[in-house]
Amino acid sequence: MNQIVIAPLLVAVVAVVATLALGRRPALQRATSVAGAIVYAASVALLAWRVVLAPDAGPATYQSGGWPAPFGITLVADALSAFMLVLAATVGLWSVAVAVRVLDRENQRVFYHPLFHCMLLGVTGAFLTGDLFNLFVWFEVMLMASYVFVAFYGGAKHTAGAFRYLVPNVVGSAVMLLGIGGLYATVGTLNMADMARRLADPAAYGIDVAPVVGLSAFVLATFALKAGLVPFQFWVPSAYRAAPLPAAAMLAGVTKKVGIYAVIRLYFTVFAAAGLDGATLPGTGVGITGDSPLAFLGPVLLAMAVASIAVGGVGAVGRETVDELLAYSSIGQVGFIALPVALAASAPSGAVRRAAVAAALVYALHHALAKGLLFLSTATVRGATGTTRLSELGGLGQRSPVLSAAFLVGSLSLVGIPPLAGFFGKFLVFEVAARHFATVPTAAAAVPLAAALVGAVLTIVYITRTWIGGFWGTQTPQVGQATVDPVQVGLLAALAAVILAAGVAFDPVYRFATAAAEAALDRGAYVDLVDPAPGTTLLAAGTGAGGALGSSGGAARPDRAGERGAGTENGNRPADGGEGT
Amino acid sequence: MILESLLTQYNYVAVVALLGIGLYMIVESTNLVKKVIGLNVFQTGIFLLFITAAYVEGGAAPVLTNEAPYVSPLPHVLILTAIVVGVSLVAVALALIVRIYGAYGTLDEDVLREVRANE
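For every chain, the first residue of the written sequence is number 1, and numbering continues from 1 onward in sequence order. Chains carry letters and ligands carry numbers; both start at the beginning, A for chains and 1 for ligands, and go up in the order they are written. At least 70 in pLDDT is required for a residue's local features to be given in this predicted model, at least 80 for side-chain atom pairs to be given and counted, and no such filter applies to totals for whole chains, interfaces and linings, which use all residues.

> How would you explain the overall build of chain A if you had to name every residue and give the values?
Counting from the N terminus, the helices are DSSP H or I runs at least four residues long and the strands are E runs at least two residues long. The number of helices and strands found in chain A is 24 helices and two strands. Of all 581 residues assigned to chain A, the portion counted as buried reaches 63%. The burial criterion counts other C-beta atoms lying within 10 Å of a residue's C-beta, which is placed from the backbone; the residue is buried at 20 or more, exposed at 12 or fewer, and partly exposed between these limits.

In structure tokens form, the structure reads like this:
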């Protein structure tokens, strides 16, 4: 039953259409939206069961339209995709449920729910697709929804924030397109599995691997932009402040992780295959160090991660409103996720690499849940008191103990207190950093560990500040007059219970994360899964026409023109055949 | 050799020029509409890159009855998709600009920043 792979996508599409069609029936629209999120979560659970948990579990693929792998668009659900989908479904479910209660009815009616499911659709597609260009399209679907979310309240401030969010992201998407185009011209395929196969044996396909490093850097820059890593973090605070808080929970909890997922998937599953021994930078004769684009990724991503932890942490400490503080905090926390990914890229052995990727995934899950809970709690606080300024809050703990308890669980998880999920996230990240330092005890190798320590201390500082400013002390007039919606509080308490459960029963979570990390690193299994029989052509009995469908004809490569001299029009790819004169 | 490649690969020169012009407009212009035009120029550069890379001299459409060499149809299809994505992005951007102009009465980013700082 491979059709289950496409189920979450279909559910999201139906939910978009249904909520759009029910715009004139607000109550029904809200019910449909929540039902859509529930069905979505159920389909994801089913998929996770089929891929990871069931006795005969195994990754599944869906060839859309029935076109075989390198030609059609493949959807791949392996453990990594399933892990990310579970994360998205959990945050999505709570986000929409809280949004229904907390947002103004009139605001919801316009287009909140169709947009929400549209964003979920984009995220799902990005997690499932096995095609590089298709990934770009899903990114755009997700971003288009997020632009409108940022401009959602329609105020001048929000619109200006949305425009500032839009411009860098459009440039980022264009750069990603540039990278994808270059990769297609270089490797001759867009299917990720096929790309991994070709990069693993470049000579057989007549591929020059050197350009892949630079082209993959284009793609990396875009993913870092989406994830909000330094130096691309500038859009984060204004965008998160402008968006409705339940949507900000999705933006911080889920869409940021899409960038991280894409880095893991492309670099570890696809680009890691490219052997670069002896390759030189085109035209310069300078040798490229490292054995694959993965080795190039390591130091670059490490620098980004360390800078993100510092910028996010320092930025969060001085904020005056809770939502702004959380926005800065997510810059730092994404740094914590990128840190083990960077260390995994330069890890010496497979086991270390797997442990590091698993640490990143556990941290991503923890951050999605904790930051989701904190943003949603802030939404409830703003709904009840009308403000998120720390100076105007105070004494919330007395006013609503359960809401405060939920916020406390989210905060403590972010700080990393056992037995919450955040403790294990932080513990694993520290373990990876410490092991990195233990293998090469130099000053440079201590940087990740030091950054993680400083980041952890900063987290404690700004969380304590929020707690003291907002929840302790005497009740301010705003808090005193507040009426807290019990349904919202119940929802938040349930999410807090999930975080607690993920920490107490950590073993299955860790096994899921390890399986996901294994799936990300097991290139051979991924390739075999998607395209078990290389060399199949659409028209097996045809007259060599298959080759023409598989690759761009005679794609002249500008980046190599200088090296080899112009005029080499021959597509030097013997495996393709039947093209290039 | 560089001169030769410039002369024979002038499409790529155009691509680089368009990317540069587009990026310069995005960064340098303070007018929001001009920024959007810059975005468009930047995207057009990338479209041209795809189409140029897909060009095969004397290539035929990949239909079995045609004679080889064939042209890969994929880049053209991708660019059609990318154009659609680009158009919808420009639509969103212009909608935001209309809203900003309605609220602040200016399209100049510097003026906008001052107005917002005074709010």
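> Account for the confidence of the model for chain B, naming residues and giving values.
Low-pLDDT stretches of the model should not have their predicted coordinates read in fine detail. On average, residues of chain B score 87 in pLDDT, and 98% of them are at 70 or above. The ipTM for the predicted assembly is 0.88, set against a pTM of 0.88. The predictor attaches a confidence to each residue, and that confidence, scored 0 to 100, is pLDDT.

> If you had to explain the packing of helix α17 (residues 421-439) of chain A against helix α18 (residues 446-470) of chain A to someone new, which residues and values would you point to?
Working note: a packed helix pair is described by the angle between its axes plus the distance between those axes. Residues and elements named next belong to chain A. Orientation is described by lines fitted to C-alpha atoms, with helices fitted over the stretch in contact, and by angles between N-to-C directions that extend from 0 to 180 degrees. Their axes nearest at 7 Å, the elements α17 and α18 cross at an angle of 150°. Viewed along their axes, α17 and α18 adopt a mutual orientation that is roughly antiparallel. In this structure, α17 crosses over α18, and the sense of that crossing is left-handed. Residues K426, V429, F430, A433, A434, H436 and F437 of α17 form the contact with α18, whose own contacting residues are A446, P448, L449, A452 and A456. An angle below 35 degrees is read as roughly parallel, one above 145 as roughly antiparallel, one from 65 to 115 as roughly perpendicular, and any other as oblique. Crossings are sorted by hand: turned counterclockwise from the far helix by less than a right angle, the near helix makes the crossing left-handed, and turned clockwise it makes it right-handed. Any two residues are considered in contact once their C-beta atoms, placed from the backbone, lie within 7 Å.

> Please set out unusual backbone geometry residue by residue, giving values where relevant.
Residues and elements named next belong to chain A. For the peptide bond that leads from V230 to P231, omega is 5°, which places it in the cis range. Along the polypeptide, P231 turns up in the loop between α9 (210-227) and α10 (236-242). Geometrically, the link from P418 to P419 is a cis peptide bond, its omega value of 5° lying close to zero. Considering the arrangement of structural elements, one finds P419 in the loop between α16 (401-415) and α17.

> Break down the pairing of strand β2 (residues 74-77) of chain A for me, citing the residues and quoting the values.
All names here are of chain A. The side-chain alternation of β2 yields two buried faces, one formed by T74 and V76 and the other by L75 and A77. Strand pairing is defined by DSSP finding a minimum of two bridges between the two strands. Judged from the four bridges that link them, strand β1 (residues 60-63) and β2 form a sheet pairing that is antiparallel. Each bridged residue has a counterpart across the sheet, and for Q63 the counterpart in β2 is T74.

> Tell me what's going on with the packing of helix α3 (residues 32-53) of chain B against helix α4 (residues 74-104) of chain B, and back it up with residues and numbers.
All names here are of chain B. At a minimum axis distance of 10 Å, the contact between α3 and α4 shows a crossing angle of 180°. In terms of orientation, α3 lies roughly antiparallel with respect to α4. Mapping the contact onto sequence places L32, V33, V36, N40, Q43, F47, F50, I51 and A53 in α3 and P75, L78, I79, A82, I83, G86, V90, A93, L94, I97 and I100 in α4. Split by residue class, the contact of α3 with α4 holds 17 nonpolar, three polar and no charged. Three residue categories are used. Nonpolar comprises Ala, Val, Leu, Ile, Met, Phe, Trp, Tyr, Cys and Pro, charged comprises Asp, Glu, Lys and Arg, and polar comprises the others, including Gly.

> Describe in detail helix α6 (residues 156-187) of chain A, supporting the description with residues and values.
An α-helix turns once per 3.6 residues; consequently, residues spaced three or four apart project the same way. Residue and element names in this part refer to chain A. Between the first and last C-alpha of α6 there are 46 Å, a value that for 32 residues agrees with the 46 Å anticipated at 1.5 Å per step. Of all 32 residues in α6, 27 are buried; the element is thus mostly enclosed. Following α6 by one or two positions, G188 has its phi on the positive side, about 85°. What a helix should span is 1.5 Å times the count of its residues minus one.

> Run through the nonpolar core, naming residues and quoting values.
Residue and element names in this part refer to chain A. Residues enter a nonpolar core if they are buried, belong to Ala, Val, Leu, Ile, Met, Phe, Trp, Tyr or Cys, and are joined to the set through C-beta atoms within 7 Å. Within the largest apolar cluster, 262 residues are counted, with the highest numbers of intra-cluster contacts made by F83, A338, V341, V357, L361 and A516. A per-element tally of this core places helix α14 (residues 350-385) first, with 21 residues. Sequence-distant contacts of V357, that is, excluding residues within four places in its chain, are made with I264, F268, V341, A344, A517, A520 and L521.

> Talk me through the environment of A:A451; I want residue IDs and the actual numbers.
Residues and elements named next belong to chain A. Structurally, A451 can be placed in helix α18. Each C-alpha atom, one on A451 and one on V306, is 5.8 Å from the other, the two residues being 145 residues apart in sequence. Residues within four places of A451 in sequence aside, it is in contact with V306, I309 and A310.

> Explain the environment of A:I207 residue by residue, including any values.
All names here are of chain A. Mapped onto the fold, I207 is located in the loop between α8 (202-205) and α9. Look at I207 and you get buried, because 22 C-beta atoms sit within 10 Å. Here the alpha-carbon distance between I207 and H113, two residues 94 residues apart in the chain, equals 46 Å. I207 has contacts with T186, V187, R198 and P202, leaving out every residue within four places of it along the chain.

> Lay out the environment of B:I83 with the relevant residues and their values.
Of note, B:I83 is situated in helix α4. The spatial distance from the C-alpha of B:I83 to the C-alpha of B:P62 is 22 Å, given a sequence separation of 21 residues.

> I'd like a rundown of the confidence of the model for chain A, residues and numbers included.
Residue and element names in this part refer to chain A. In this model, chain A carries an average pLDDT of 85, and 88% of its residues clear a pLDDT of 70 or more. Across residues 281-288, where pLDDT falls below 50, the model places 19 contacts with residues more than four positions away in sequence or in other chains. Segment residues 540-581: pLDDT under 50, and 111 contacts once partners within four positions in sequence are set aside and those in other chains are kept.

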